[in-house]
Amino acid sequence: MAKTQSVEPNIADLANGWLKSYKLDYKLEQEFLNTEIEKALSDYFTKNGGTGANRPDAKLLLQDENANYFPILIEYKGYKGKLEKLNADNQVDNQTAKNKPNFKNINSFAVNGAVHYANALLHHTSYTDIIAIGMTGYKDEGGEIQHEIGVYYVSKSNLGAGQKIGEFSDLSFLAPHNFDSFIEKVKTLTLSQAEIDKLKAQREKEIDTSLVRLNNDIYQNEKGLGENDRVYLVAASIIATLGIPGKVTPLEKSDLKSSIEEGSRDGDIILRKIKAFLNEKKIPKEKKDLIVRTLENTLTTENINKVINGESQLKRVFTKIVDDLGIYYKIGLTTDFTGKLFNEMYGWLGFSQDKLNDVVLTPSYVANLLVKLARVNKDSYVWDFATGSAGLLVAAMNEMLDDAKNTITSPEALTQKEIKIKAEQLLGLELLSSVYMLAILNMILMGDGSSNILNMDSLVDFDGNYGFGKTEDKFPADAFILNPPYSANGNGMNFVERALSMMNKGYAAIIIQNSAGSGKAQEYTKKILTKHTLIASIKMPIDIFIGKASVQTNIYVFKVNEKHHKDEPVKFIDFSNDGYTRTNRKKASNNLKDTNQAKERYEELVSLVRFGKSKLNIFTEQEYYEGTIDPNNGADWNQSAPIDTKPTLQDFKKTVSDYLAWEVSNIIKQRNEDDAPGK
């Protein structure tokens, strides 16, 4: 059977004819649109994989009535059924099950190719709102050209996944007299929270894949870089490429010339860009000097700036970082980005098993749980005394910002509240300098809640005051969240006692090795109960930190500054079955699967802790138990529902019934054997 001939030239001729009739300044595949867009398309991986030029069949740059620019990228195909390939969630299917680009779909379908090009612009330009258009067609039985069009909005708001805008039979929505109303339609597009959560989860899986690939690449191919160097290089590269609109231009790969001239080496250039960024961000001088000093030690070393075959190692590593990770922090993903980086880079290098337990990342869904158990809202003042990569503070900040958006109706008041949340309502302490750098970077990426991330020992040096800005004032903490280093005194309960002693009100939620509540931390647990109330003790799944640490943990929830009375009911919850199935397979596309109502279980857990037994639904009465503890003991925090071993009348009846059934079965069996032939 003869292969159907492509009608792509006819489709291109039809569409380009429309554009010409609208008097639009469109550019064809090989033509130049502007430097920023052309460079982005050139830098991004091609439709077939690898690097090189990406060439949409047509492209143009349009302005709406508010003078906002919208790049328009158009891809043509010439076969029936080649408009778009969607996945089970009705999204453009540009990712494989292994979270890598699906080049087969990108290359074969018009919309998929256009959305791919749009992501190049999200990754490598300052444009955050792009229109991706796919168009294909075929000849019908009468030889007439039939066409179909797909129009998608690709932006930071939909994390680059793309949203279908509507149904269109031609491109007249791009005509000058129609474009403003078209953009108004685009602005009405919204995603449900469930859709946003699903997209975020997908992007987070992609980040994991990219981080593993990047770390392995640098480890295997870039000699002489220790684990701290790698962390600092990622932090430096990301800060240098963030930019501030109208004030600090993002550093481009082409800006690094691999020069050997003093003051113009690649490390010098990156450092200058970082200083400009920090200055414009109004980062306090003491913190700015610490960041610059820390990064400078790596960026200015001779080996990393040495030029071999026309390129420094620093430029090569910078390029890998920007190409692999750029899109994820540029689309504004509200995730513990550097926590993932931290776990990957430290997960298999540089730490003994004991230390590994101290630097393990709290999974994002556990971080969100701690935040909700600590009752965080837009007016909370949240601190963390062992902040690590700031993952818990990121989760808290997201919760606070969401609450603000949902409850404040004035746009101006909302803007001011968001600024206050980031600048004044979060405080974190981290002693390890390499980890501290990640915490700073994390909060800068989140829009800069880094103001009060402090590089100090929370047990010795911290006096409870703001670290920057209002340094004479106490930080009015009313929410405490923590995943402490378990090798510290009392499994880390010393951090809990210290933080709670500096609070006047509020709630606290900590995840800690459960031996802290069964005797190993008695000097701290007894002291805590003299001033604070234990509300709940939650037994977590044993494999919650699978692949990083293997310890039984509990979450303890406290009411602050209210002494624990011996008759105070404590909610003991067995959360061993949280609904997730975890694996630790290196090549698995997803090591965390919701196999038993995980989302609903986490929601019910929060309700049970706050409101009690009336909220029992999924949980059984064996998993939820209210009991009391002895405030003078401190080793009875890990209780479970008592098992009643006294037999009931029903038990007796069942036993007799089972016995009689067994007797009858035996008698029938014996008779059958006696009646068998030959007997």
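Residues numbered from 1 in each chain as written. Predicted model: local features only at pLDDT ≥ 70, side-chain atom pairs only at ≥ 80, totals over all residues. Heavy atoms only, no water.

Any chance you could explain the packing of helix α4 (residues 110-124) against helix α11 (residues 313-330) here in plain terms?
The relative placement of two packed helices is expressed as an angle between their axes plus a distance between the axes. Orientation of α4 relative to α11, taken along the N-to-C sense of each, is 85°, at an axis distance of 8 Å. Judged on the interaxial angle alone, α11 and α4 are roughly perpendicular. Every residue of α11 that contacts α4 at Asn 119, Leu 122, His 123 and His 124 is listed here: Val 322, Asp 323, Gly 326, Ile 327 and Lys 330. Here the contact of α4 with α11 is composed, by residue class, of three nonpolar, four polar and two charged. (Axes fitted to C-alpha atoms, helices over the stretch in contact; angles between N-to-C directions. Helix = DSSP H or I, 4+ residues; strand = E, 2+ residues; numbered from the N terminus. Parallel < 35°, antiparallel > 145°, perpendicular 65-115°, else oblique. Contact = heavy atoms within 4.5 Å. Nonpolar A, V, L, I, M, F, W, Y, C, P; charged D, E, K, R; others polar.)

So what exactly am I meant to see when it comes to α11 here?
Owing to its 3.6 residues per turn, the α-helix aligns residues three or four sequence positions apart on the same side. The terminal C-alpha atoms of α11, which comprises 18 residues, lie 24 Å apart, in line with the 26 Å expected from a rise of 1.5 Å per residue. Of all the bends in α11, the greatest measures close to 45° and is centred on Asp 324. (Expected span 1.5 Å × (residues − 1). Bend = angle between axes of the 7 residues up to and from the residue.)

What should I look at first to understand unusual backbone geometry in this one?
In most cases, non-glycine residues show a negative phi, while peptide bonds are predominantly trans. One non-glycine residue, Asn 90, lies in positive phi territory at about 65°. By the element assignment, Asn 90 lies in the loop between β3 (69-76) and α3 (103-108). Of the residues examined, Asn 90 reaches a relative accessible area of 60% and is grouped as exposed. (Buried < 20%, exposed > 50% of the residue type's maximum accessible area, 1.4 Å probe, protein only.)

I tried to follow the sheet that holds strand β12 (residues 479-482) on my own but got confused; where do I start?
What holds strands together in a sheet is hydrogen bonding between their backbones, with the strands either parallel or antiparallel. Strand order in the open sheet formed by nine strands is β11-β10-β9-β12-β13-β15-β14-β16-β19, with mixed pairing between adjacent strands. At either end of the open sheet lies a strand with only one pairing partner, and these are β11 (453-454) and β19 (624-627). Strand direction decides the pairing type here: strand β9 (residues 382-384) and β12, joined by two bridges, are parallel. When the sheet's bridge partners are listed, Val 382 is paired in β12 with Ala 479. (Pairing = 2+ DSSP bridges.)

Looking at this structure, how should I read the pairing of β12?
Each regular strand displays side chains that alternate between the two surfaces of the sheet. Residues of β12 alternate between two faces, with Ala 479 and Ile 481 on one and Phe 480 and Leu 482 on the opposite face, all of them buried. Across four bridges, the pairing between β12 and strand β13 (residues 507-513) is parallel. Each residue of the ladder has a partner; that of Phe 480, found in β13, is Ala 508. This β-α-β element, β12 to helix α18 (residues 493-501) to β13, shows right-handed connectivity. (Right-handed = clockwise from strand over helix to strand, strands pointing away.)

Is there a simple way to think about the sheet that holds strand β6 (residues 163-166) in this case?
If you trace the six strands from one edge of the open sheet to the other, you get β1-β2-β3-β4-β5-β6, paired in mixed fashion. Two strands close off the open sheet at either side, each with one partner strand: β1 (27-28) and β6. Relative to strand β2 (residues 58-63), β1 is paired through two bridges, and the arrangement is antiparallel. Bridge assignment links Lys 27 to a residue of β2, and that residue is Lys 59. With respect to the sheet, α4 is in contact with β3, β4 (129-139) and β5 (145-155), its orientation differing from that of β4 by roughly 160°.

What am I meant to see in the pattern of salt bridges here?
Oppositely charged side chains can pair when the atoms bearing their charge come close. In this structure the tally under the stated criterion is 25 salt bridges. The shortest N-O distance in the salt bridge between Glu 184 and Lys 187 comes to 3.7 Å. Placement of both Glu 184 and Lys 187 in helix α5 (residues 176-187) is noted, with a separation of three residues, approximately one turn of the helix. Among the residues examined, Glu 184 registers a relative accessible area of 39% and is labelled partly exposed. Given a relative accessible area of 46%, Lys 187 falls into the partly exposed group. Each of the salt bridges in this network shares a partner with another, and the network as a whole consists of Asp 217, Glu 222, Glu 311, Arg 316 and Lys 320. (Salt bridge = Lys/Arg side-chain N within 4 Å of Asp/Glu carboxyl O.)

Looking at this structure, how should I read the environment of Leu 325?
Looking at where Leu 325 falls in the secondary structure, it is placed in helix α11. C-alpha separation for the pair Leu 325 and Ser 210, spaced 115 residues apart in sequence, amounts to 6.8 Å.

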